[in-house]
Amino acid sequence: MDIEREVLNIVVVGHVDHGKSTVIGRLLYDTKSLPEGAIDRVKRIAKEKGKPFEYAYLLDAFEEEQKQGITIDTTQLQFRTEKRDYVIIDAPGHKEFLKNMISGAASAEAALLIIDANEGIQEQSKRHGYILSLLGIQKAYVLINKMDLIDYSEAKFNEIKQEINEFLHNLHVFPLKYIPISAFFGENMITRSEKMPWYKGEPILTAIDLFEKDKGLETKALRFPIQDVYKFDNRRIIAGRIESGTLRVGDEVLLSPANKLTKVKTIEYWTDKDKTDSIYAGMSVGITVEDEFFNQRGEFIVHPDQAPLVSDTFKANIFWMGKKPLVKAADYKLKLATQELECEIYSIVKVIDATTLATIEDAGQVKTNDVAEVIIRTKKQLCFDEFKNNQLTGRFVIVDGYDVSGGGIVSGLVTQWQTVSKFAANGLELVVNCFDDYVYVLPEGAVRRFDARPHTFAAGDVVAITGKTYEYPADFDIIDIQTKVAAKVRKARMAGVIPLAEYTYSGMPVIDAKGAGLKLATEEDFIQFYSELETIVSWQTKAASSFTAKWLEFTRYRGIPVVAAVGEAGADYQI
């Protein structure tokens, strides 16, 4: 009997003519995931119509199967590799795609963005990249398709890669890989293409197996929204469903947003066989705590070191289905987990028209079926997480009158204008310039730095390991030699921030906060480096200059290209 296999949901986006259906059809074909007889039927139909065989037509075979009563959803296509099962979320139309944003596509853990190598980046490509940003998807590959039309040119590939990379970085989307392919001819689909020997990465089927599935809900931070509180004999039993995490008798817990600490006294049970000292995600339970606080519906019970965000104002992406348009300053009700609060739309930052995907800045209303970036203000503080970190406590619905009229996902807190990028964890911050780009401007005869779009990376966030003028390995450490703080990046994700005094060299590549490679090869090198760093009392001295010249190599992971002029790009889609 087949053991239970891991399943990963992937959403596929791209311009209508850039080969999205061909890529999906080829994946189904190459993994032998098609209904029996589908290939022969498509070949027969193509011959009858006098057209060449197209892998894109294989999707139509699924539609035909559905008409015959076989339960295959045309927007959820399945295939498998040796490692796991995959569900491809493919939306055939723009309006349908946006309708699925909150429900279907929002369940995707990874994404493939497809670009036509011959046509390059089109407006629709940018809009679909923007949708990835709306969904908060962190794991993404860019597939540059139809490489056969440009004679498998490495130079053209790099040109498109740089352009889309710069654009996506403006949206805080950081692709993990760029893969050149020709889906129709099967180049770089299953095996490495001999026609592109310059590409040293993995073909698609190998690369998608490198996507890491999100951790199970029981391993995430504890989120126990209170459903109700019952008085039973001399006990006050707090009841609810654990949305994520694990809770044990004796655990210290925080009641949020009240910000009160207590300990779990008991986990209640009906019969002796149900008695347990630990409970976990998905269980509906009742507990008692040691202190007699006034507990109420909507509060979150969490572990103190993994508290949720608490605010009365936050940024969100919403999909509006109401009979009347969503307007600023009107009163609505917001439901998030067990919380119900009155709210208003403080600002409509951007609206995306559902049928055309056109973007409207600073709109006055959101029409039915449109998607919008908004800032929401509630009458009281509420608890929540960013959707990318916890889907269950990062999504909500909006009620207009008596009707559920909209759904949304939390994209973050409203903060002051941020001017620098930084890593933040464990109460520490590390300002990083390693994601900035440097170019030599020929008419000026000087090197200029172009700051990366400011972004705060929390633990687990994907970082921008590939830029226009730099490329870092997937695993490396960062040391700020001036503030003496260190950070770790593992599998292209921020893995933590610690004081440099607690850092241990593990053989990983190391860069400084500005992107220079550190000349470290052994633990003894690091001990010597740290010993000399401790003697630096001012960075304006000759000793400091000698230290940096000895230990730093600025061009190890970056180049400094020569440009004739400096231009701007991506301004229309910056968020």
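Residues numbered from 1 in each chain as written. Predicted model: local features only at pLDDT ≥ 70, side-chain atom pairs only at ≥ 80, totals over all residues. Heavy atoms only, no water.

As recorded by an unreviewed UniProt entry, the protein carries the name sulfate adenylyltransferase and is attributed to uncultured Sporomusa sp.

Draft legend 1. Representation of the overall build of the protein. Helix and strand counts for the protein come out as nine helices and 35 strands. Scored against the burial criterion, the 575 residues of the protein give a buried share of 50%. Within the protein, counting contacts between residues at least 6 apart in sequence, those at least 24 apart form 69% of the total. (Helix = DSSP H or I, 4+ residues; strand = E, 2+ residues; numbered from the N terminus. Buried < 20%, exposed > 50% of the residue type's maximum accessible area, 1.4 Å probe, protein only. Contact = heavy atoms within 4.5 Å.)

Draft legend 2. A look at the sheet that holds strand S35 (residues 562-563). In spatial order, the strands read S27-S26-S35; together these three strands make up an open sheet with mixed pairing. The open sheet has two edge strands, strand S27 (446-450) and S35, and neither has a second partner. In terms of strand pairing, strand S26 (residues 437-441) meets S35 through two bridges, oriented parallel. Looking at the pairing, Tyr440 lines up with Val562 of S35. (Pairing = 2+ DSSP bridges.)

Draft legend 3. Structural detail: the side chain of Glu532. Tracing the sequence through the fold places Glu532 in helix H8 (residues 523-533). Residue Glu532 is classed as buried on the basis of its relative accessible area, which comes to 17%. A distance of 2.6 Å separates polar atoms of two side chains, one belonging to Glu532 and the other to Lys550. Leaving out residues up to four positions away in the same chain, Glu532 has contacts with Phe547, Lys550 and Trp551. (Polar contact = N/O pair within 3.5 Å; in protein donor to acceptor, adjacent residues only side chain to side chain.)

Draft legend 4. Molecular detail of the sheet that holds strand S25 (residues 428-432). Taken in spatial order, the three strands line up as S25-S24-S28 in an open sheet, and their pairing is mixed. Whereas interior strands pair on both sides, the edge strands pair on one side only; in this sheet they are S25 and strand S28 (456-457).

Draft legend 5. Highlighting the confidence of the model for the protein. Per-residue confidence for the protein averages 84 on the pLDDT scale, and 87% of its residues sit at or above 70. Long-range and interchain partners of residues 64-74, a stretch whose pLDDT sits below 50, account for 13 contacts in this model, where long-range means more than four residues apart. Confidence drops under pLDDT 50 across residues 568-575; counting only partners more than four residues distant or on other chains, this segment forms 27 contacts. (pLDDT = per-residue confidence, 0-100.)

Draft legend 6. Spatial organisation of the nonpolar core. Grouped together as the largest cluster of nonpolar side chains are 60 residues, with contacts concentrated most on Leu143, Ile164, Leu168 and Ile208. The element best represented in this core is strand S4 (residues 110-116), accounting for six residues. Each of domain 1 (7-210) and domain 3 (314-413) gives at least three residues to this core. Among residues more than four places away in sequence, those in contact with Ile164 are Leu113, Ile115, Ile121, Val142 and Tyr178. One finds Ala316, Leu334, Ile345 and Phe396 within the second-largest nonpolar core, a separate group that totals 27 residues. (Core = buried A, V, L, I, M, F, W, Y, C linked by side-chain atoms within 4.5 Å. Domains from an automatic or database assignment.)

Draft legend 7. Molecular detail of H8. Buried residues of H8: Phe526, Phe529, Glu532 and Leu533, and no others. For H8, the arc enclosing every buried residue in end-on projection is 130°, short of the 170-degree limit, so these residues lie on one face. Exposed and oriented more than 90 degrees from the buried face of H8 are Glu524 and Ile527. In this structure, the buried residues of H8 make contact with strand S29 (476-480), strand S33 (517-518) and helix H9 (542-551). (Arc of directions from axis to C-beta.)

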